[in-house]
Amino acid sequence: MSNTPTATIAQLLGEYERALEHTATLWSDLSQDEVRWRPHDDFSAIGWHLGHQAAVAHFMVRNLTAAEPSPDPELDALMDGATAEPDRGALPTIERLGAYRDAVADRVRFRIGNIASGDVGAPAQLDVIARTLLVAVVNHEYQHSQWIGEVRQRDLGHATPAHPTSPLLTQIDGYCVLAG
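Digging into helix 5 (residues 94-116)
Here helix 5 is 23 residues long and its end C-alpha atoms lie 32 Å apart, about the 33 Å a rise of 1.5 Å per residue gives. Every buried residue of helix 5 is listed here: Leu97, Gly98, Tyr100, Arg101, Val104, Ala105, Val108, Ile112, Asn114 and Ile115. Buried residues belonging to helix 5 abut helix 1 (9-27), helix 2 (32-36), helix 3 (46-64), helix 4 (73-79) and helix 6 (123-154). After helix 5 finishes, the residue glycine 118 shows a positive phi value of roughly 80 degrees.

Below, the structure is given as structure tokens:
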């Protein structure tokens, strides 16, 4: 019995794209003020969650596959889950946040693409790492997208799009989860 995801890297990259697209539908129509809004200092704004999703993806790729330089070290520090909630208020513009997310996604695609093509040392071992990493990154994206959707609907009064569907996705406790 193996704990390694059975889906291929190509399938999991498709799920990564689906997760990113879903997140984009949750914030692409929001204003700068809505992305930065938080009711009190012990609450993370939508913008923090968006940056955190990307920061975690970057940290995982950097630490598990290649010594990847940061596209924005200042945002890495702000968006780290270890940053106390009261210190998460100085958020970047939505343009900078979008650029950070895009840069991280490009690097995820590049590094995982190298692994999929076998253009790495230890390609079979890194295939296992890449598939496991993608399941974790996708599930983390959906975890924070759920929270973004809740704030979007409950606090900002915007409709929330339906969860994406796929043969690899399921729902657990209201969250989209990639079983792998």
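What follows picks up the thread again.
Description of empty space enclosed by the protein
Applying the stated criterion across every chain yields a total of two cavities of 30 Å³ or more. Of the pockets and cavities examined, the largest cavity occupies roughly 50 Å³. Within the residue set of the lining of the largest cavity, elements represented by two or more residues are helix 1, helix 3, helix 5 and helix 6. In terms of residue class, the lining of the largest cavity is made up of seven nonpolar, one polar and two charged. What the second largest cavity holds in volume is close to 30 Å³. If you trace the second largest cavity, you find it lined by His58, Val61, Glu68, Pro69, Pro71, Val104, Arg107 and Val108. Breaking the lining of the second largest cavity down by element, the ones donating at least two residues are helix 3 and helix 5.

Comments concerning the layout of surface pockets
If a probe the size of a water molecule is rolled over the atoms, the empty space left behind becomes visible. The volume enclosed by the largest pocket comes to roughly 150 Å³. Along its surface, the largest pocket is lined by Leu20, Ala24, Trp27, Gly98, Arg101, Asp102, Ala105 and Arg109. Of all elements in the fold, only helix 1 and helix 5 reach the threshold of two or more residues within the lining of the largest pocket. Element by element, the count of residues in the lining of the largest pocket is highest for helix 5, at five residues. Its residues assigned to classes, the lining of the largest pocket shows four nonpolar, one polar and three charged.

What counts as what
Residues numbered from 1 in each chain as written. Predicted model: local features only at pLDDT ≥ 70, side-chain atom pairs only at ≥ 80, totals over all residues. Heavy atoms only, no water. Helix = DSSP H or I, 4+ residues; strand = E, 2+ residues; numbered from the N terminus. Expected span 1.5 Å × (residues − 1). Buried < 20%, exposed > 50% of the residue type's maximum accessible area, 1.4 Å probe, protein only. Contact = heavy atoms within 4.5 Å. 1 Å grid on protein atoms, 1.4 Å probe; cavity = no way out; pocket = protein on both sides within 12 Å on 5 of 7 lines; lining within 4 Å. Points joined across faces, edges and corners; volume = space filled by probe spheres on them. Nonpolar A, V, L, I, M, F, W, Y, C, P; charged D, E, K, R; others polar.

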